[in-house]
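# What the coordinates show
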There are 2 protein chains.
Amino acid sequence: MRNLKISLQYDGTRYKGWQRQKENSPTIQEKIESVLSKMTGEEIQVIGCGRTDSGVHAENYVANFRTNSNMSIDEMLDYLYEYLPEDIVVKSMKDTTERFHARYNVKSKTYVYRIYNGRFRNVFNRKYTYHTNEKLNLDDMKRASEVLIGTHDFQSFTSLKSNSKSTVRTINYINITENDGMIEVEVNGNGFLWNMVRIIVGTLLEVGVGKINVKDVERILDEKKRAEAGPIAQAKGLCLKSVQY
Amino acid sequence: MRNLKISLQYDGTRYKGWQRQKENSPTIQEKIESVLSKMTGEEIQVIGCGRTDSGVHAENYVANFRTNSNMSIDEMLDYLYEYLPEDIVVKSMKDTTERFHARYNVKSKTYVYRIYNGRFRNVFNRKYTYHTNEKLNLDDMKRASEVLIGTHDFQSFTSLKSNSKSTVRTINYINITENDGMIEVEVNGNGFLWNMVRIIVGTLLEVGVGKINVKDVERILDEKKRAEAGPIAQAKGLCLKSVQY
């Protein structure tokens, strides 16, 4: 049986996130499984590298699936390109080892959160960026982001209700750059809790406008209480940039 | 009476172009006139810098309108931002001389046509670029574009039916650049005939794939017959970048 690793791009605007839902909600996983099943005549299950929330985008989402089909890679890519909706594109595919698992084998993931900081929204990026006209202090945001680098208990930065699983994660880097009003917050870590990147960004935005200061971020991390951190930044600004194996 | 010069940005996807139509079609001009009329209580007529076709975008479209309103510029900008749809943004406004006319006073205009050249479409720019997976010879396209620079009769490059008006125009430059599969064809000229930029790009694309050669472009220009040139490139790739006065 073949085990195929795929890399895909999607505009998450119309979808209820990656993961197939019980009710009949549109999800990326469901769209891809449906086309792959039609293509192979088998009931294909796609293993994704993780969940993405409703409205979140991906530039290079990685997944794998098993099949007995002997179609060539090019035939499969062309089939997917023809039958998937215009906001999902499988960009590459390759036969991989039997053991490869898109979720278990993740070493780290890189997310980028885009903030457009100008008086008015930019119509051309309005679906892929969060817009704010509040003046942001990037230096403070950068200093605050440094507090989060390393291995910490990120309980204050997740919407998880249960305490059963560990909320310790490692953030390898957070890069904040700005170019002509477009601010990108790039976060790389070994794993992320539910809503973690968006709550980190929501907190950094509060730092940026001066509502909380860098010292507060240390305290928020120490308190391990969700209520202490900033709000969840809008989903549309978030994009899974790459996955490292 | 005040004469106000405005600069605006729009995503033309949903619109039947700039110009107000007799039938009830959505156009940019109609949306702006409607909000300005509500704002001022007057019947505002907006003079645009030119028509843009159905589906064409603008980064810096310039227009002007006259009003007796004594609202401040900031109040007017905020009002427009609140009441215009999310795909139209008036970015700036200033009081200008009584004589300023957004169409008559144009010295030149700059359009950019975006072509994404890759095996598959890019989901994030799919509404603002034309996608082709055919291999394009950029050097040939650049050489062909040079044939069009200068003052010529562009009758082969317009959908105009009537011969009553002059079809002589001056193209100041055409810059073709490529970055990671994204090709931009930037065209600056003193004025453009109906569909002229899109027919130029459609012709350059035929050169790019080798269907016609550089010599053919000279002949097409000389023939002064629409049927000789390439097809009209898709509207969604075209964007009015700036207007010079």
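Owing to the predicted nature of the structure, the values given are computational and were not obtained by experimental measurement.

### Description of the pattern of salt bridges
Scanning the entire structure with this criterion turns up 38 salt bridges over all chains. The residue Arg119(A) makes a salt bridge to Asp74(B) at a minimum N-O spacing of 2.8 Å. Separated into two different chains, Arg119(A) in the loop between strand E5 (108–117) and strand E6 (130–132) and Asp74(B) in helix H2 (residues 73–83) make up a pair that spans both. For Arg119(A), a relative accessible area of 36% puts it in the partly exposed group.

### What to know about the interface of chain A and chain B
Many descriptions give the size of an interface as the accessible area lost when the pieces come together. On the side of chain B, 28 residues touch chain A, which itself brings 28 residues to the contact. In total, about 2,400 Å² of surface goes out of reach between chain A and chain B, with carbon and sulfur atoms giving 51% of it. Inspection of the region where chain A meets chain B yields eight salt bridges. Residue Asp11(B) is joined to Arg126(A) by a salt bridge in which the shortest nitrogen-to-oxygen separation is 3.0 Å. Applying the counting criterion to the chain A and chain B interface returns 15 residue pairs in polar contact (both at pLDDT 80 or more). Split by residue class, the side of chain A that touches chain B holds 13 nonpolar, four polar and eleven charged.

### Topic: helix H5 (residues 214–223) of chain B
All names here are of chain B. When we look at burial in H5, the residues that qualify are Asp-216, Val-217, Ile-220 and Leu-221. Each buried residue of H5 lies within a common arc of 140° when the element is viewed along its axis, so the set occupies one face. Structural note: H5 exposes Lys-215 and Asp-222 on the side pointing more than 90 degrees away from its buried face. Turning to H5, the residues buried within the fold contact helix H3 (138–148), strand E7 (150–153) and helix H4 (196–208). By the N-cap criterion, in which a side-chain oxygen at the helix start approaches the backbone nitrogen of a residue two or three places on, H5 is capped by Asn-213, the distance to Lys-215 being 3.1 Å. Looking one or two places after H5, you find Lys-224, whose phi comes out positive at around 55°.

### Observations concerning the relation of the copies chain A and chain B
Put simply, the second copy of the chain is the first one after a rotation about an axis and a shift along it. Least-squares fitting of chain A to chain B yields an RMSD of 0.0 Å, with the transformation described by 0.0 Å of translation along the axis and a rotation of 180°. Within this description, the copies of the chain are treated as partners about a two-fold rotation axis. When each C-alpha of chain A is compared by its distance to the rotation axis, Asn125(A) comes out closest, at 4.6 Å. Taken as a fraction of all interface residues of chain A, those also at the interface in chain B reach 100%, which identifies the copy contact as same-surface.

### Digging into the UniProt feature "active site" (unreviewed entry) in chain A
Residue and element names in this part refer to chain A. Taken from the UniProt record, the annotation "active site" (unreviewed entry) applies to Asp-53. Structurally, Asp-53 is set in the loop between strand E2 (46–48) and strand E3 (57–67). Apart from residues no more than four positions distant in its own chain, Asp-53 is found in contact with Gly-17, Trp-194, Asn-195 and Arg-198.

Rules and cut-offs
- In this convention, every chain numbers its residues from 1, walking through the sequence in written order.
- Chains and ligands are labelled by the order in which they are written, letters from A for the one and numbers from 1 for the other.
- Given that this is a predicted model, residues contribute local features only at a pLDDT of at least 70 and side-chain atom pairs are listed and counted only at 80 or more, while totals for whole chains, interfaces and linings are drawn from all residues.
- Excluded from the side-chain calculations are hydrogens and water; all other atoms, namely the structure's heavy atoms, are used.
- By definition here, a salt bridge exists when the distance from a side-chain nitrogen of Lys or Arg to a carboxyl oxygen of Asp or Glu is within 4 Å.
- By the criteria applied, helices consist of DSSP H or I runs no shorter than four residues and strands consist of E runs no shorter than two, each listed in order from the N terminus.
- With a 1.4 Å probe rolled over the protein chains alone, any residue whose accessible area is under 20% of its type maximum counts as buried; one over 50% counts as exposed, and the rest are partly exposed.
- We call two residues in contact when some of their heavy atoms are within 4.5 Å.
- Put simply, buried area is how much 1.4 Å-probe accessible surface two parts lose in total, over both of them, once they are put together.
- We call two N or O atoms a polar contact when they sit within 3.5 Å, provided that within protein one can donate a hydrogen and the other can accept it, with sequence-adjacent residues counted only if both atoms are side-chain atoms.
- In the scheme used here, Gly and all other residues not listed as nonpolar or charged are polar, with Ala, Val, Leu, Ile, Met, Phe, Trp, Tyr, Cys and Pro taken as nonpolar and Asp, Glu, Lys and Arg as charged.
- The directions considered for the arc run from the helix axis to the C-beta atoms.
- The fit set for superposing copies consists of C-alpha atoms from residues with pLDDT of at least 70 in both; the fit itself is least squares.
- UniProt positions are given in the numbering used here, feature names are shortened, and annotations may be inferred rather than shown by experiment.

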